[in-house]
Number of protein chains: 2
Amino acid sequence: MSYSPLIDDLIDALRCLPGVGVKSAQRMTFQLLERNRPGAARLATALSKAAEHVGHCTSCRTLTENEQCFICADKRRDQQTICVVESPADVVAFEQSGDYKGLYFVLMGHLSPIDGIGPAEIGIDRLLQRSAELSISELILATNPTVEGEATAYYITEQMRSRGIAVSRIAHGVPLGGELEYVDSGTLAHALKGRRPID
Amino acid sequence: MSYSPLIDDLIDALRCLPGVGVKSAQRMTFQLLERNRPGAARLATALSKAAEHVGHCTSCRTLTENEQCFICADKRRDQQTICVVESPADVVAFEQSGDYKGLYFVLMGHLSPIDGIGPAEIGIDRLLQRSAELSISELILATNPTVEGEATAYYITEQMRSRGIAVSRIAHGVPLGGELEYVDSGTLAHALKGRRPID
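What counts and how
Residues numbered from 1 in each chain as written. Chains lettered and ligands numbered in written order. Predicted model: local features only at pLDDT ≥ 70, side-chain atom pairs only at ≥ 80, totals over all residues. Heavy atoms only, no water. Pairing = 2+ DSSP bridges. Helix = DSSP H or I, 4+ residues; strand = E, 2+ residues; numbered from the N terminus. Axes fitted to C-alpha atoms, helices over the stretch in contact; angles between N-to-C directions. Contact = heavy atoms within 4.5 Å. Phe/Tyr/Trp six-rings, centres within 6.5 Å; stacked < 30°, edge-to-face > 60°. Buried < 20%, exposed > 50% of the residue type's maximum accessible area, 1.4 Å probe, protein only. UniProt positions renumbered as here; feature names shortened; annotations may be inferred. Least-squares fit on C-alpha atoms with pLDDT ≥ 70 in both.

Participant: Any details on the sheet that holds strand β5 (residues 138-141) of chain B? Residues and values, ideally.
Facilitator: Residues and elements named next belong to chain B. In spatial order, the strands read β4-β3-β5-β6; together these four strands make up an open sheet with parallel pairing. Single-partner strands in this sheet number two, and they are β4 (102-106) and β6 (166-169). Going across the sheet, the axis of each strand differs from the next one's by a mean of 25°, ignoring polarity. Packing of helix α5 (residues 88-97) onto the sheet brings it into contact with β3 (78-85) and β4, and relative to β4 it is tilted by some 160°. Against the sheet, helix α6 (residues 124-134) engages β3, β4 and β5, with an angle of about 165° to β3.

Below, the structure is given as structure tokens:
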């Protein structure tokens, strides 16, 4: 690098964003400085405010700047059901589908012993405690259908069963609008095994 | 969007970066808040400092926080030659090649009448003035080999010729290490037309 120090600093700092290498960081820097200084200033403010104030919801562990996220704080939600997801983005995806009225619990990751992520890191204690507090009737597991997601779901199932809480897993199969011919074989096998009789 | 306000703000602000859509902005936000808060704080500082202090070099128009960029300020550089490029990144590319010891002039764009970018916007006045001040012996045109870059080179050539300044254009042809079979036909035609006798 051999721009002036402030420009080098900015290029370097932009590289902490996932998926941004030197060339993209350079392009972003010039775009911001040449065409969008208000955008740069706004981004700087948003970053420092979020980094300073955003923490975790004390009930469901999702990211929020409040004590409780707006879903946990909403007493009209069904307090008897908890849906367990891996990330805040999954919560938004479910909310956009509009069909779920219960609460969530956000693991902020999945079990991954190789990276040192065990039950404590994904907040299993808090999940058990919360399930007991609310004396929930059902726990829905919506971790990702990956090896780690399945292992996490299995672990949580074991923990819940020993406490007599009903656990379910979201259905995996052919996505709506998907064409069978392009669906991978693992998904097809799942769809076949999970077939249901037509009434 | 339906995260908490500070998170929504950050996702929205990140979208001002070129090539960043909603999904990438979301991923960047979670990555920064979950794993790299120091990085987020550092980026915020770098952005606001750069947006506030970086301006243009009074001699060559490149981006710098100083009155003059370090190349224009370096009196050991050959003051008789100016290389005209479109962006600060081009200056860095030439400096990395290490072969050029003259000065630069950065247009910060190219002529593009359809976008309202005329000679005034790319600083042609300043270029003419600077050429006269230094009474340069050669002006090297290194605008991009695109339609707009060529038009800009042509325009500058006309302006310089009428003032009796020698103008040259960098060579276009097959890049080193390139395989002929994968080089586009326009470049090949250029390479053929620009062939030179071997001594």
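Past the structure itself, the notes keep going.
Participant: So what's going on with the packing of aromatic side chains? Which residues, and what values?
Facilitator: Any pair of aromatic rings gets described here by the distance separating the centres and the angle formed by the planes. Residues and elements named next belong to chain B. Tallied over the full model, the rule gives six aromatic pairs over all chains. With centroids separated by 5.4 Å and ring planes inclined at 70°, the aromatic side chains of Y3 and F30 adopt a geometry described as edge-to-face. With a gap of 27 residues between them, Y3 in the segment before α1 (5-14) and F30 in helix α2 (residues 22-35) connect regions that are remote in the sequence. The same class applies to Y3 as to F30, namely buried.

Participant: Explain the UniProt feature "domain: Toprim" (unreviewed entry) in chain A to me, using residue names and the numbers behind them.
Facilitator: Within the UniProt annotation, "domain: Toprim" (unreviewed entry) is assigned to residues 80-175 of chain A. Note that residues 80-175 of chain A is 38% helix and 18% strand, and that its end C-alpha atoms are spaced 28 Å apart.

Participant: Give me the lowdown on the environment of A:P38, citing residues and values where you can.
Facilitator: One can find A:P38 in helix α3 (residues 37-53). Along the sequence, A:P38 and A:Y104 sit 66 residues apart, while their C-alpha atoms lie 37 Å from each other.

Participant: So, the relation of the copies chain B and chain A: which residues are in play, and what are the values?
Facilitator: You can overlay chain B on chain A at an RMSD of 0.1 Å; the transform is a turn of 180° with a shift of 0.0 Å along its axis. Such a combination of rotation and displacement between the chain copies is what one expects of a two-fold axis. The rotation axis passes nearest to the C-alpha of B:A44 in chain B, at a distance of 2.1 Å. By residue overlap, the copies meet face to face through one surface: 100% of the interface positions of chain B are interface positions in chain A.

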